[in-house]
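# A look at the structure
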Amino acid sequence: MMMPVPNDRRLNILVTGGAGFIGSHLCDALLQAGHTITCLDSFVSGSRANVAPLLNHPRFNLVEADVCDPYVHDGPLDRVYNLACPASPPRYQLDPVHTMMTCVRGAGHMLSLSERHGARFLQASTSEVYGDPEEHPQRETYRGNVNCIGPRACYDEGKRAAETLCFDMLRRAGVDARVARIFNTYGPRMQADDGRIVSNLTVQALTGEDLTIHGDGRQTRSFCFVSDLVAGLQKLMEVEQNPHQPVNLGNPDEYEILDLAEKVLEMTQSPSRVVFKPLPEDDPRRRRPDISAAERLLGWRPSVPLQQGLLATIEDFRMQLGVQSPRQETRRPVGQPAR
Ligand code: NAD
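Residues numbered from 1 in each chain as written. Predicted model: local features only at pLDDT ≥ 70, side-chain atom pairs only at ≥ 80, totals over all residues. Heavy atoms only, no water.

The next thing to look at is the environment of A161. With respect to the helices and strands, the residue A161 is situated in helix 5 (residues 153-171). C-alpha separation for the pair A161 and N147, spaced 14 residues apart in sequence, amounts to 14 Å. (Helix = DSSP H or I, 4+ residues; strand = E, 2+ residues; numbered from the N terminus.)

Below, the structure written as structure tokens:
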């Protein structure tokens, strides 16, 4: 956890997408550090519940708006974290044109805003800019293998274009822009129905449904716990020297999806079975970040092991779904039947 900053280093910070999964954890951390936060969100994929506990906080302000529309900020602004964009494939494919516009127009608006205010800017980019990678693990120098006309392109190409805008603005010395390439992140506050692999498998295990694996389950992903990722985003924003390159943020421990499913089954003590379905178009086969740049430039590396992060995630889904843990079930009064 970051230490609170002294009064004279307290900042005015805008977090777009602050009501989403990662954004709401970032708002929590920045408030805890003593900063004043404006959260701008359209709630297209975020949740009011994520920011409800912050609404009465004297240093928290919620603006309901779309980053595709120009935004005027009253008062000083020191930092802009641009996280606004649905992150899970079912969500970003619901309205692909709006997703593309959110990435490109949204980044454009937030960069202009940063330029007007002299604010430092951080773009939440993604490992999806590498597409289905032919280089493994992925270094920031790898230029990617993206299908620019496929169903994932609205997100992948939108994020690539947003990176271009950031580096053009940086080159013309308009904005101190930084780019985080975020790899799969998981943790509490993921939504049960948003179609990410960790949430899908956990919810299916907790509700006794079959665990759906697309393909043969041998494709790999690397999973970063949300508190590690949020610490990395803050480090990238606050490092004095602009890195002048995108920085991978993710956990380099690599798992086959089948291994993850087995882990989830074991940890939830679920009787569910694993079933296999066809692989969606353009689904990447392997994903693992090379995080040597983050280690060297930011002194950052993730520290939460998958087992520990999954435990917190499973507990959060139990609460969301109202599913008892096996421990609670064994504590039921003698003579009362199991549900
Ligand atoms: P999320 O969908 O939970 O959060 C995104 C937030 O942005 C939501 O609150 C949504 O309502 C808001 N939003 C979307 N479009 C908007 C618009 N046009 N105007 C205003 N608000 C808008 O996703 P997340 O997992 O929290 O991801 C946050 C950011 O990190 C995204 O930019 C995503 O691309 C990036 N990212 C996430 C992951 C991951 O594994 N979670 C991986 C790579 C990159």
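The rest of the description comes next.
Right, let's get into the confidence of the model for the chain. Predicted confidence across the chain gives a mean pLDDT of 93, with 95% of residues reaching 70 or more. Ignoring residues within four places in sequence, the model shows residues 329-339, a span with pLDDT below 50, making four contacts including any to other chains. (pLDDT = per-residue confidence, 0-100. Contact = heavy atoms within 4.5 Å.)

The end-to-end C-alpha distance of helix 7 (residues 226-238) is 18 Å, a good match for the 18 Å that 13 residues give at a rise of 1.5 Å each. Taken together, the buried positions of helix 7 are occupied by V226, D228, L229, V230, G232, L233, Q234, L236 and M237. (Expected span 1.5 Å × (residues − 1). Buried < 20%, exposed > 50% of the residue type's maximum accessible area, 1.4 Å probe, protein only.)

The next subject is the pairing of strand 4 (residues 79-82). Along strand 4, one buried face is formed by R79 and Y81 and the opposite face, lined by V80 and N82, is buried too. Bridge count between strand 1 (residues 12-16) and strand 4: four bridges; the pairing is parallel. Within strand 4, the position partnered with L14 by the bridge is V80. Relative to strand 5 (residues 120-126), strand 4 is paired through four bridges, and the arrangement is parallel. Looking across to strand 5, one finds that R79 is bridged to R120. (Pairing = 2+ DSSP bridges.)

What surrounds the ligand is a group of 30 residues, the closest being D41, S45, Y155, K159 and R196. Taking F21, its main chain carries an N or O atom lying 2.9 Å from an oxygen atom of the ligand. Take T102: an N or O atom from its side chain is 3.0 Å from a nitrogen atom of the ligand. Elements supplying a minimum of two residues to the shell around the ligand: helix 1 (21-32), helix 4 (96-117), strand 5 and helix 5. A total of three residues in the shell around the ligand trace back to one element, the largest contributor, which is strand 5. Counted by class, the shell around the ligand contains 15 nonpolar, 11 polar and four charged residues. (Near = heavy atom within 4 Å. Polar contact = N/O pair within 3.5 Å; in protein donor to acceptor, adjacent residues only side chain to side chain. Nonpolar A, V, L, I, M, F, W, Y, C, P; charged D, E, K, R; others polar.)

Let us now look at the packing of aromatic side chains. Counting across every chain of the model gives five aromatic pairs. Geometrically, the ring pair formed by Y130 and Y142 is stacked, given 6.0 Å between the ring centres and 25 degrees between the ring planes. Taken as a pair, Y130 in the loop between strand 5 and helix 5 and Y142 in the loop between strand 5 and helix 5 lie far apart in primary sequence, 12 residues in all. Ring centres 5.5 Å apart and planes at 65 degrees place the aromatic pair Y186 and F225 in the edge-to-face group. (Phe/Tyr/Trp six-rings, centres within 6.5 Å; stacked < 30°, edge-to-face > 60°.)

The sheet built from seven strands is open, its strands ordered 3-2-1-4-5-6-11 with parallel pairing. A single partner strand is all that each edge strand has here, and the edge strands are strand 3 (60-64) and strand 11 (247-249). Within the sheet, the average angular offset between the axes of one strand and its neighbour, ignoring direction, is 20 degrees. Strands strand 1, strand 2 (36-41), strand 4, strand 5 and strand 6 (177-182) of the sheet are contacted by helix 4, whose axis makes an angle of about 175 degrees with strand 4. Across the sheet, helix 5 lies against strand 5 and strand 6, angled at about 155 degrees from strand 5, the strand it touches most. (Axes fitted to C-alpha atoms, helices over the stretch in contact; angles between N-to-C directions.)

The subject of this paragraph is the environment of Q324. Position of Q324 relative to the elements: it lies in the loop between helix 10 (306-321) and helix 11 (326-330). For Q324, a relative accessible area of 34% corresponds to the partly exposed category. Between the C-alpha atom of Q324 and that of L77, which follows or precedes it by 247 residues, the distance is 44 Å.

A few words on the nonpolar core. Y81, L233 and L249 are the most contacted members of the largest nonpolar core, which totals 59 residues. The element best represented in this core is helix 8 (residues 257-268), accounting for seven residues. Once residues within four sequence positions are removed from consideration, L249 is found in contact with A180, R181, I182, F183, L229, G232, L233, A294, L298 and W300. With 20 residues, the next largest nonpolar core counts L111, L113, L170 and V179 among its residues. (Core = buried A, V, L, I, M, F, W, Y, C linked by side-chain atoms within 4.5 Å.)

Now for unusual backbone geometry. In this model, H136 is joined to P137 through a cis peptide bond whose omega is -10 degrees. Within the secondary structure layout, P137 lies in the loop between strand 5 and helix 5. Located in the positive-phi region is H244, a residue other than glycine, with phi close to 55 degrees. One non-glycine residue with positive phi stands out, namely Q269, at about 50 degrees. Position of Q269 among the secondary structure elements: in the loop between helix 8 and strand 13 (274-277).

Over its 12 residues, helix 1 runs 17 Å from end to end, which matches the ideal 16 Å to within 8%, given 1.5 Å per residue. Extensive coverage of helix 1 is indicated by the burial of nine of its 12 residues. Immediately downstream of helix 1, the backbone of G34 shows phi near 105 degrees, a positive value.

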